[in-house]
Amino acid sequence: MTPEQAARIRGFETTEHRPTLLYAIAGLGGLAIAVGLVSIVAANWDDIPGRMKIAIDLVLVAGLGGGVWWLEDRGPDWARETAIGVLFGLVLASIALVGQVYQLGGRAHEAMATWTVLTAVLMTRARSSFAAVMWIFGIQATWIVWAVWIADDWDAPQLALASIYVAPLVCLALGRLTSIQRVRPALANTLESIGWSELVLCGTFGGFVFYTDTRNEHFDAAYPMIAVSTVLTIAIGAALLRGVPQRVLLVACLLLSHVPILVSPGDLDLLAAASFIGLWLLVAWAAYDTREARLVSLATAFAGLRIVAIYFEVFGTLLDTGLALVSGGGLTLGLVWLWARKRKQFERELGAGDA
Amino acid sequence: MKRWTIIAVVVPVLGLLALVGRSEYATRHGLAWTIPIQGYDPRDLLHGHYLLYRYRFQWDGVDTCGDTGAIERAPAAGCCLCLSSVGVSGYDPRVRQLHCDEAEKICDGSLRADSVLGPQQYFVPEDRALDLENALRQREAAIELAIDPQGNAAVRELLLDRRPWREAL
């Protein structure tokens, strides 16, 4: 058995036997409490003196921390995960409260960085996918706030924009590390899922840039960050991914996310469509390779929808449009027939258990 | 494993305590100066739950740091504002811009320009926001700062007609 197969089995065992609905409802409750606390802080209620508010808040943080500690051994697991999630949100609300009471001036990037540092060890104690999603999106939000600060204060918007692509690459790399897969399988699975999703999203939106002329834009400042992304892509592809389809998909995401922005002369409608279809067919290929039947269906459906959308953007006059719609309709029906047939074939090949 | 859980829940508490302690120290220590302010956008003073403002410095004397040739003088990153008292109250001091090492030696007070760059925020309670917005249009507003020996500023209070805004409203 390969380490990858072992990690998948471990991930399945640790996630699939949990009461998903209970976790979802408890997670939503925890999220509602965390957002509510932030909202209460934002209201800046004046009837309680500032220092009293901070004292109450610190008692809450300590009490909830005690609850996490108490639930660590005694459980139930869903209560521990919810308490960790609420504490994660409460720490952010507490930092905002200190900022309000002492009028620290709203330096959001510093507040977010403080939040990320203070809660880093806490979130490593969580074991559920829900807590993993909260943590990863929290860190990515911090990353984005810093990117905005770099764009404004360093006057380097291109560098900041290019840095966004590094975040999902780091997620993917961490998710593929066997050390994390062994200790926190839910976190590793979530990191990999979010990493891949965001990389494909970047590639998808990158392809749309073919419609725009970017030759007069100056992206020199972005080159260092593009170099970082390229090195990370090569390292992940060489050391952490196994199948050829995943490696090809990773490189395609890198190219589509950057090349159009750097060199597009604009009005490349067909290339934009072809890049979209090509990317999503690569997703289908990679999903087929990893036996993800539902993702194969989803990816091929996206590619098919994009083919249909081409009719509405390529043709101009009424006659052109009419002819195109008639021939395009026939082509669409042909594609649907082919897709349905291949989909059934894929599902047979991948087995009913995955479908 | 339990040890890591203890660390996990203690770190946020200690971090928040440190944040509070540092902020408390900054507002209680340092020299007090009061600088008049104006709304960053006079048509829209309050953005949600905070007042967006900028300092209205009483520029006087010659700048030796920043854009010294600029017609409209403004704080520049990396420089220090040299504060000279007018009277004894520390209210609305005369200001010029110098290199920080120079400002620390010769000025009554030295304020790092970085801490007053761009729009500033002052958080206000949502149920008092409308009253405060109206008052800001009609009265003289100022911010009382505590400035430490390194030139870092901590906001102490928003003043209306030289009184804390909660008393003035």
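How each quantity is defined
Residues numbered from 1 in each chain as written. Chains lettered and ligands numbered in written order. Predicted model: local features only at pLDDT ≥ 70, side-chain atom pairs only at ≥ 80, totals over all residues. Heavy atoms only, no water. Core = buried A, V, L, I, M, F, W, Y, C linked by side-chain atoms within 4.5 Å. Buried < 20%, exposed > 50% of the residue type's maximum accessible area, 1.4 Å probe, protein only. Helix = DSSP H or I, 4+ residues; strand = E, 2+ residues; numbered from the N terminus. Contact = heavy atoms within 4.5 Å. Buried area = accessible area lost by both parts, 1.4 Å probe. Salt bridge = Lys/Arg side-chain N within 4 Å of Asp/Glu carboxyl O. Polar contact = N/O pair within 3.5 Å; in protein donor to acceptor, adjacent residues only side chain to side chain. Axes fitted to C-alpha atoms, helices over the stretch in contact; angles between N-to-C directions. Parallel < 35°, antiparallel > 145°, perpendicular 65-115°, else oblique. Left-handed = near helix turned anticlockwise from the far one by under 90°. Nonpolar A, V, L, I, M, F, W, Y, C, P; charged D, E, K, R; others polar.

**Observations regarding the nonpolar core**
Proteins that are soluble and globular tend to have nonpolar side chains buried together. In terms of nonpolar packing, the biggest core is built from 39 residues, with A:Ile54, A:Val68, A:Leu87, A:Ile95, A:Leu122, A:Met123 and A:Leu187 touching the most fellow members. For this core, the secondary structure elements donating two or more residues are α3 (50–74), α4 (77–101), α5 (108–124), α6 (129–153) and α10 (185–208) of chain A together with α1 (2–28) of chain B. Counting residues per element, this core draws most heavily on α4(A), at ten residues. Contacts of A:Ile95, omitting those with residues within four sequence positions, involve A:Ala111, A:Thr114, A:Trp115, A:Leu118, B:Leu16 and B:Leu19. In terms of nonpolar packing, the next biggest core, distinct from the first, is built from 30 residues, A:Leu199, A:Val200, A:Leu241 and A:Ile277 among them.

**A few points about the interface of chain B and chain A**
With 31 residues of chain B at the interface, the matching set in chain A holds 30 residues. Between chain B and chain A lies a buried interface of about 2900 Å² when both sides are counted; carbon and sulfur atoms form 65% of it. Broken down residue by residue, the surface that chain B buries against chain A is led by B:Lys2, B:Leu16 and B:Phe123, which jointly contribute 22%. Summed over the shared surface of chain B and chain A, the number is one salt bridge. Linking A:Arg51 and B:Glu24 is a salt bridge whose minimum nitrogen-to-oxygen distance equals 3.0 Å. Between chain B and chain A we count five residue pairs in polar contact (both at pLDDT 80 or more) in total.

**Examining the packing of α3(A) against α4(A)**
All names here are of chain A. Relative to each other, α3 and α4 sit at 160°, their axes nearing to 9 Å. The angle between the axes of α3 and α4 places the two elements in the roughly antiparallel class. At the point where α3 passes α4, the crossing takes the left-handed sense. In this structure, α3 contributes Gly 50, Arg 51, Lys 53, Ile 54, Asp 57, Leu 60, Val 61, Leu 64, Gly 65, Val 68, Leu 71 and Glu 72 to the contact, and α4 contributes Ala 79, Arg 80, Ala 83, Ile 84, Val 86, Leu 87, Leu 90, Ser 94, Leu 97, Val 98 and Val 101. In the contact of α3 with α4, the residues fall into 15 nonpolar, three polar and five charged.

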